[in-house]
Amino acid sequence: MTFKPAISPEHGSIIVTREGLIGQAVGVPKPEGLIPVIPKYVLCREESPWAKGGLSLCRVLQDYGPRGVGETLRALGFAETLDGLYNSPMPYVRGVDAISVVTPREALERLLRGPLSPLSYEVLNVLDKLRGLGVKLENLGLTGSIALSFENPEISDVDLVAYGFETAELLYEAFTGLRVKPLISSKLGGLKVSPELDVSWRRVDIGRVHVTWVGVPLEGELCEPLREYFKVRGPVREARVTVSIEGGQGGSLVYPPCASSLDGVYVVSFEYNVATMLYEGGVFSVHGLMDSEGSTIYLATRQLPGSILRLKGDV
C-alpha cells in the first residue's frame, strides 16, 4: 500500500532556492505554486560546522516558534506574502524558485543506499532500535542537515519524520519509554505553557546521537479546520476559552497538532512541542486567535503566540 502525505511537499521536506536559501517545508494548506518554509540555512563562504565539497551552510534560524521565525525572516530581509486566509504574512517561496526539494522519505532512502558515513551508522542503529519497538521503516523519513548530506557527526541530530497517526503514536510510546530524565524546554517563541513543557517525548539520546521526531499526517488525516486551503478557518480575533480535550487523539501528534474539545472547538498549535499536552488531554485554559465562527482557536501564531494552561489532567 502507498501512503500519501496530506500536504505536498510534506512537512520536513528540505527546500533549496535559487538564491541559496535552505528551508524546511511547513505542512499547512497553501496556495497552488507556493511553499511555506522555515528558513534554516544559507549557502555561505564562511567557515561553518556544516560543510561539504567546498560549500558551507551557515545557520540563520536561532530559535523556533513564532518569534524566532519572525526574527530570522526580518534578519534575512525575506519578502513575505500577506495571506488573507491565515490573516498573516506567510514565508512562501515560489515552487519555480526551488531548485531542489528533498522529501524525508527520499533522504532516508538515499542514506540506506550508501555509501555510509560515520553518522549513517548511528542512524542505522537508531532505526534498528525503533524497529525492535514496532516502528516500520517504510513509515519513517529523515530531515535536517542529514537530508542534504551536510551533517556533522559531532553536532548533528538525527531528525526523524513519522508518517501517519499510527507511526506517531508508536514513536511517542517508544521515546517516552527510552527517556532517562525530563528535558524541559522554554524556547517556545513567545508561547506560554503551564506546567513546564517536557519535550523528552520527542527528543532522546539513542546510542551516541540525539534523536528527534515530528509527525506528518497522511492524506485524510488533517484536522477539519485545515483540510483544504480555500476552506481554512483563519484566525481573526483574540480569545480566551476553557476547553476539555479527551486524550489519545491521533491528530494531536502530527503537524500542526490539532485536537477537538468535547464541545467541538478545535485547538490548533503551530508550535509542535505542545502536541504532548493535547495528546494527553485534560481541561485547558487557552489564549490565542479564534476563527470568525468560534470553532477553532490557534496557538503560536505570528500575530499572537498566546498561552495554554492545564487546569486538570482529566476530563
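Nothing here was measured: the structure is a model prediction, and the numbers come from that model. (Residues numbered from 1 in each chain as written. Predicted model: local features only at pLDDT ≥ 70, side-chain atom pairs only at ≥ 80, totals over all residues. Heavy atoms only, no water.)

Participant: Any chance you could break down the overall build of the chain for me, citing the residues and the numbers?
Facilitator: In terms of regular secondary structure, the chain is built from 5 helices and 22 strands. The globule rule puts the C-alpha radius of gyration for 315 residues at 20 Å, and the 19 Å found for the chain is close to it. With the C-alpha coordinates of the chain rotated into their principal frame, the extents come out at 55 × 45 × 40 Å. Burial statistics for the chain: of 315 residues in total, 58% are counted as buried. Across the chain, the mean location of the 31 positive side-chain charges is 2 Å away from that of the 37 negative side-chain charges. (Helix = DSSP H or I, 4+ residues; strand = E, 2+ residues; numbered from the N terminus. Rg over C-alpha atoms; globule rule 2.2 N^0.38 Å. Buried < 20%, exposed > 50% of the residue type's maximum accessible area, 1.4 Å probe, protein only. Lys, Arg positive; Asp, Glu negative; His and termini not counted. Charge placed at Lys NZ, Arg CZ, Asp CG, Glu CD.)

Participant: Please provide a residue-by-residue account of the sheet that holds strand β11 (residues 158–163), values included.
Facilitator: Across the sheet, which stays open at both edges, the 4 strands sit in the order β10-β11-β16-β15 with mixed pairing between neighbours. Each edge of the open sheet is held by one strand with a lone partner, namely β10 (140–143) and β15 (203–206). The mean angle between the axes of side-by-side strands here comes to 35 degrees, regardless of whether they run parallel or antiparallel. Against the sheet, helix α2 (residues 104–113) touches β10 and β11, its axis set at about 90 degrees to β10. (Pairing = 2+ DSSP bridges. Axes fitted to C-alpha atoms, helices over the stretch in contact; angles between N-to-C directions. Contact = heavy atoms within 4.5 Å.)

Participant: Lay out the state of the cysteines with the relevant residues and their values.
Facilitator: Between two cysteines, a covalent bond joining their sulfur atoms is known as a disulfide. Here the structure, examined in full by the defined rule, presents 2 disulfides. Disulfide pairing places C223 opposite C258 at an S-S distance of 2.4 Å. What sets the handedness of the C223 and C258 disulfide is the S-S torsion sign, and at about 100 degrees it is right-handed. Of this pair, C223 sits in the loop between β16 (209–216) and β17 (237–245) while C258 is found in strand β18 (residues 258–260), placing the two residues 35 residues apart along the sequence. Under the relative-accessibility criterion, C223 is labelled buried at 12%. (Disulfide = S-S within 2.5 Å.)

Participant: Any chance you could break down the pattern of salt bridges for me, citing the residues and the numbers?
Facilitator: Following the criterion strictly, the structure yields 10 salt bridges and no others. Residue E122 is joined to R208 by a salt bridge in which the shortest nitrogen-to-oxygen separation is 2.7 Å. In this pair, E122 sits in helix α3 (residues 118–131) while R208 sits in the loop between β15 and β16, placing the two residues 86 residues apart along the sequence. A relative accessible area of 10% places E122 in the buried class. Linking E224 and R233 is a salt bridge whose minimum nitrogen-to-oxygen distance equals 2.7 Å. Several salt bridges converge on common partners, so that one network encompasses R18, R94 and D97. (Salt bridge = Lys/Arg side-chain N within 4 Å of Asp/Glu carboxyl O.)

Participant: How would you summarise the packing of α2 against α3 if you had to cite specific residues and measurements?
Facilitator: It is the contact of α2 with α3, at a shortest axis distance of 10 Å, that shows an interaxial angle of 110 degrees. Taken together, α2 and α3 sit at an angle that is classed as roughly perpendicular. By crossing handedness, the relation of α2 to α3 is classed as left-handed. Taking contact as the criterion, the partners of L108, L111 and L112 in α2 are, on α3, S120, V123, L124 and L127. Along the lines of polarity and charge, the residues of the contact of α2 with α3 split into 6 nonpolar, 1 polar and no charged. (Parallel < 35°, antiparallel > 145°, perpendicular 65-115°, else oblique. Left-handed = near helix turned anticlockwise from the far one by under 90°. Nonpolar A, V, L, I, M, F, W, Y, C, P; charged D, E, K, R; others polar.)

Participant: Before we move on, could you go through the nonpolar core and cite the residues and values that matter?
Facilitator: Ranked by internal contacts, the top residues of the largest apolar core, which has 73 residues, are L130, L142 and W213. Ignoring any residue separated from it by four or fewer positions in sequence, one finds L142 in contact with T103, P104, A107, L108, L111, V123, A147, V158, D159 and L160. By size, the runner-up hydrophobic cluster in this structure holds 22 residues, among which are L188, A239, V265 and A300. (Core = buried A, V, L, I, M, F, W, Y, C linked by side-chain atoms within 4.5 Å.)

Participant: Can you break down α3 residue by residue, with the values?
Facilitator: What sets the pattern is the α-helix's 3.6 residues per turn: residues three or four places apart point alike. Helix length check: α3 (14 residues) gives 21 Å between terminal C-alpha atoms against 20 Å at 1.5 Å per residue, within 8%. Inspection of α3 places L119, S120, E122, V123, V126, L127 and L130 among the buried residues, and these make up the whole buried set. For α3, the arc enclosing every buried residue in end-on projection is 160 degrees, short of the 170-degree limit, so these residues lie on one face. What points out from α3, more than 90 degrees from its buried face, is the exposed set P118 and Y121. Those residues of α3 that are buried are in contact with α2, β10, β11, α4 (164–178), β15 and β16. (Expected span 1.5 Å × (residues − 1). Arc of directions from axis to C-beta.)

Participant: Go over unusual backbone geometry with me, naming the residues and quoting the values.
Facilitator: Look at the link from S8 to P9: it is a cis peptide, with omega at -5 degrees. Take P9: it is sitting in the segment before β1 (14–17). A cis amide bond links S194 to the next residue, P195, at an omega of 0 degrees. Topologically, P195 is positioned in the loop between β13 (192–194) and β14 (197–198).

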